[in-house]
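Coordinate analysis (summary)
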Amino acid sequence: MSFRGNRLLTLAQRLLPVVILVLAVVATDSGIRPRYPEDDMGKDSLPGRKKAQMEAAKQFRVFYQFQFSDNMKESGIRFTHHAVDDVTKHMRMGHYDHGSAVAVADVDGDGLYDLYFVNQVGGNELWKNLGGGKVKNITPEAGVALAGRISVAAAFADIDNDSDQDLFVTTVRGGNALFENDGQGHFKDITQEAGLSLIAHSSGAFFFDYDNDGLLDLLVCNVGKYTSDEKGPNGEYVGIPNTFEGHLHPDRYEYPVLYRNLGHNRFRDVTAEVGLSPHGWCGDATFSDLNGDGWPDIFFLNMQGHSHYYENQGGKKLVEKTETSIFQKLRGAPWESSFSTTTMTALSISSSLTCTRT
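Treat the numbers as computed from the prediction; the structure is a model and nothing was measured.

Cut-offs used in this document
Every chain is numbered independently, its residues counted from 1 as its sequence is written. Thresholds applied to this predicted model are a pLDDT of at least 70 for local features of residues and 80 or more for the giving and counting of side-chain atom pairs; totals over whole chains, interfaces and linings are not thresholded and use all residues. Water and hydrogen atoms play no part in the side-chain values, which are based on all heavy atoms of the structure. As defined here, a cavity is a set of points on a 1 Å grid over the protein atoms alone where a 1.4 Å probe fits but cannot get out. A pocket is an open set with protein on both sides within 12 Å along at least five of seven lines, and residues line them when an atom is within 4 Å of a point. Grid points are joined across faces, edges and corners, and a volume is the space filled by probe spheres set on the points. We count a stretch as a helix when DSSP gives it H or I for four or more residues in a row; a strand needs E for two or more, and each element gets its number in order from the N terminus. We call Asp, Glu, Lys and Arg charged. Ala, Val, Leu, Ile, Met, Phe, Trp, Tyr, Cys and Pro are nonpolar, and the rest, Gly among them, are polar. Each residue gets one of three labels from its accessible area relative to the maximum for its type: buried under 20%, exposed over 50%, partly exposed in between, using a 1.4 Å probe on protein chains only. Paired strands are those between which DSSP finds at least two bridges. Fitted lines through C-alpha atoms serve as axes, helices being fitted only where they are in contact, and the angles separating the N-to-C directions of these axes extend from 0 to 180 degrees. Confidence per residue, as judged by the predictor, is encoded in pLDDT with a range of 0 to 100. Contact criterion: two residues are considered in contact whenever any of their non-hydrogen atoms come within 4.5 Å of each other. Charge assignment in this entry is limited to Lys and Arg as positive and Asp and Glu as negative, and neither His nor the chain termini are counted. Any carboxyl oxygen of Asp or Glu within 4 Å of a side-chain nitrogen of Lys or Arg constitutes a salt bridge here. Planes of paired rings set the category: under 30 degrees apart is stacked, over 60 is edge-to-face and the rest tilted, where pairs are Phe, Tyr or Trp rings (Trp by its six-membered ring) whose centres lie within 6.5 Å.

Moving on: empty space enclosed by the protein. Taken as a whole and assessed by the stated rule, the structure comprises one cavity of 30 Å³ or more. Taken as a whole, the largest cavity encloses approximately 50 Å³ of empty space. Contributing to the lining of the largest cavity are Pro256, Pro278, His279, Gly280, Trp281, Cys282, Phe300, Leu301, Asn302, His306 and His308. At three residues, strand E16 (residues 297-302) tops the list of elements feeding residues into the lining of the largest cavity. Tallied by class, residues from the lining of the largest cavity come to six nonpolar, five polar and no charged.

On to unusual backbone geometry, then. A positive phi angle, near 50°, is found at leucine 146, a position not held by glycine. By secondary structure assignment, the location of leucine 146 is in the loop between helix H5 (139-142) and strand E5 (151-157). Positioned with a positive phi, asparagine 161 is a non-glycine residue whose angle comes to about 55°. Of note, asparagine 161 is situated in the loop between E5 and strand E6 (166-171). Of the residues examined, asparagine 161 reaches a relative accessible area of 45% and is grouped as partly exposed.

Before going further, it helps to spend a moment on the sheet that holds strand E3 (residues 125-131). Spatial strand order, E1-E2-E3-E4: four strands in an open sheet with antiparallel pairing. Each end of this open sheet is capped by a strand with a single partner; those strands are strand E1 (102-105) and strand E4 (134-137). Taken over all neighbouring pairs, the strand axes of this sheet differ in orientation by 25° on average, direction set aside. Here E3 runs beside E4; their pairing, made up of four bridges, is antiparallel. Pairing of tryptophan 127 across the sheet is with asparagine 137, part of E4.

Moving on to the sheet that holds E6. Taken in spatial order, the four strands make up an open sheet running E5-E6-E7-E8, and their pairing is antiparallel. Unpaired on one side and paired on the other, E5 and strand E8 (187-189) mark the two borders of the sheet. On average, each strand axis in the sheet is inclined to that of its neighbour by 25°, with strand direction left out of account. Across five bridges, the pairing between E5 and E6 is antiparallel. In the sheet register, phenylalanine 156 faces E6, and the bridge partner there is leucine 167.

We now examine the environment of alanine 142. Looking at the secondary structure, you find alanine 142 in helix H5. Taking C-alpha positions, alanine 142 is 9.0 Å from glutamine 184, a pair spaced 42 residues apart along the chain.

As a further point, take the confidence of the model for the protein. Of the residues in the protein, 80% reach a pLDDT of 70 or more, and the chain-wide mean stands at 84. Ignoring residues within four places in sequence, the model shows residues 332-358, a span with pLDDT below 50, making 38 contacts including any to other chains.

A few words on the side chain of aspartate 114. Summarising the element assignment, aspartate 114 is placed in strand E2 (residues 114-117). An unpaired buried charge is present at aspartate 114: no salt bridge exists, and lysine 128, the closest side chain of opposite charge, is 5.0 Å distant. When near neighbours in sequence (up to four residues on either side) are disregarded, aspartate 114 contacts Ala103, Val104, Ala105, Asp106, Val107, Asp108, Trp127, Lys128 and Asn129.

So, about the pairing of E2. Pairing geometry for E1 and E2, over four bridges, is antiparallel. Paired with alanine 105 across the two strands is aspartate 114, which belongs to E2. Taken together, the three bridges between E2 and E3 define a ladder with antiparallel strand orientation. Its bridge partner being in E3, leucine 115 is matched across the sheet by tryptophan 127.

Here we come to the packing of aromatic side chains. For the structure shown, the criterion picks out 13 aromatic pairs. Ring centres of phenylalanine 300 and tyrosine 310 lie 5.9 Å apart, and the angle between their planes is 90°; this geometry places the pair in the edge-to-face category. With phenylalanine 300 in strand E16 and tyrosine 310 in strand E17 (residues 308-313), the pair connects residues that are ten residues apart, well separated along the chain. We classify phenylalanine 300 as buried; its relative accessible area is 1%.

Structure (structure tokens):
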């Protein structure tokens, strides 16, 4: 090849990346145009459907003409949820990504609902309702931060019938916690003496009087072993690689625990005694007297498998009736089906109403 040919080849090799870049810019800038779907054929029916719905709403006997507005900035709430590195940095497939809860109660008896925000990293926060849509962070004086633990859920209830709201918090392998309220929004950790120092992959929890003795009992849901013994930078246990296969390994199961309130802030594990043993990864549950016999029944939502319904038999036994109840429709429907979500919503409303009668 001639000297001139070599020079042209070298020049072409040097210019090739530039040419490719220019073509890419041109294509991005003008060659590719966004495409939109054709008009929705059903949009013309929306005005008519709206009119029909408004006409139907006139039959409602409850107040429904309300709307919500975002007043976060005006309220003064500055809480920010912080997740562990498994979620934010490494994006591992695990149950940490389910987040944390919020609990509401009047902790100081002033007639205003206060807010307890649950956090994975940095501690939980209790915000006092000042009225007029304003709140104030009172976590330090309240003593309920649980900094250093990976908290999951929380539940308020009057466990000792002294007319104030006590607090229970679940964590991931950090030990659950029970706080007694002095009536002024100051809390004392009574976990050890209460007999509630379980260490597990705990999740949802709620108080209810399963034996109708006038004392609120406690049910704690435990998911299953989804972490290793390796510690992360925030003290969390690092998730195992095949977390979502956990339900296939019975040795990883962690079952719900039912604690009976013995009075004087003491609880006893009666799970085996009442026959409670749902199999699966239970992240949450709720209760309601579904058969109208005066005893609260329990529905367990299974994250990876069949959900379970247990019927309360006179406060002595909890018998699984999934197959013979309306919940048999959930068989073979893992995760949350539309049926289970709707049913759980109805049950939760009923449960919330029951919880207020403390």
